[in-house]
Amino acid sequence: MEIKDNTFARQFEATTEEGLVSVEYSFQERKIFLTKINTPDHFDNEEFIARLLTEILAIAIEKKLKVVPILPKIVSFFKKNPEYKELLPPGIRL
């Protein structure tokens, strides 16, 4: 999967057969806030979204960023994948 960091639009982007899937973000200090997932109409490929989030978290690890999941779907991903809980800032509990 190829991910583009569109810094102008503040989103990570990946292309599927159905179209563009993006995860919007914002930065504050050394934290990245994952705020929204945009998908094409009728897109329901949860496995693709999980792979996209895994790749985004790898980028966060590489850049030594803490991750703040805002969107319930992203919070759910963290709950299903406890190995990423170390990326949460101190005081954030899911």
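Coordinates for the structure precede this section.
As a starting point, this report considers the structure included with it. (Residues numbered from 1 in each chain as written. Predicted model: local features only at pLDDT ≥ 70, side-chain atom pairs only at ≥ 80, totals over all residues. Heavy atoms only, no water.)

## Considerations on the packing of helix α1 (residues 46-62) against helix α2 (residues 72-80)
Piece 1. The geometry of α1 relative to α2 is characterised by a closest axis approach of 11 Å and an angle of 75 degrees between their N-to-C directions. Of the possible angle classes, the one that applies to α1 and α2 is roughly perpendicular. Each of Glu46, Ile49, Ala50, Leu53, Thr54 and Leu57 in α1 lies in contact with α2, whose residues at this interface are Lys73, Ile74, Phe77 and Phe78.
Piece 2. Of the residues in the contact of α1 with α2, the class split is seven nonpolar, one polar and two charged. (Axes fitted to C-alpha atoms, helices over the stretch in contact; angles between N-to-C directions. Helix = DSSP H or I, 4+ residues; strand = E, 2+ residues; numbered from the N terminus. Parallel < 35°, antiparallel > 145°, perpendicular 65-115°, else oblique. Contact = heavy atoms within 4.5 Å. Nonpolar A, V, L, I, M, F, W, Y, C, P; charged D, E, K, R; others polar.)

## Quick word on the pattern of salt bridges
Piece 1. Applying the stated criterion across every chain, the model contains three salt bridges.
Piece 2. In this structure, the salt-bridge partner of Lys31 is Glu29, at a minimum N-O distance of 3.6 Å.
Piece 3. Judged by relative accessible area, which is 24%, Lys31 ranks as partly exposed.
Piece 4. A salt bridge links Glu47 to Arg51; its shortest N-O distance comes to 3.6 Å. Here Arg51 and Glu47 lie together in helix α1, a separation of four residues that amounts to about one turn.
Piece 5. Its relative accessible area of 56% is what places Glu47 among the exposed residues.
Piece 6. Residue classification places Arg51 among the partly exposed residues on the basis of a relative accessible area of 41%. (Salt bridge = Lys/Arg side-chain N within 4 Å of Asp/Glu carboxyl O. Buried < 20%, exposed > 50% of the residue type's maximum accessible area, 1.4 Å probe, protein only.)

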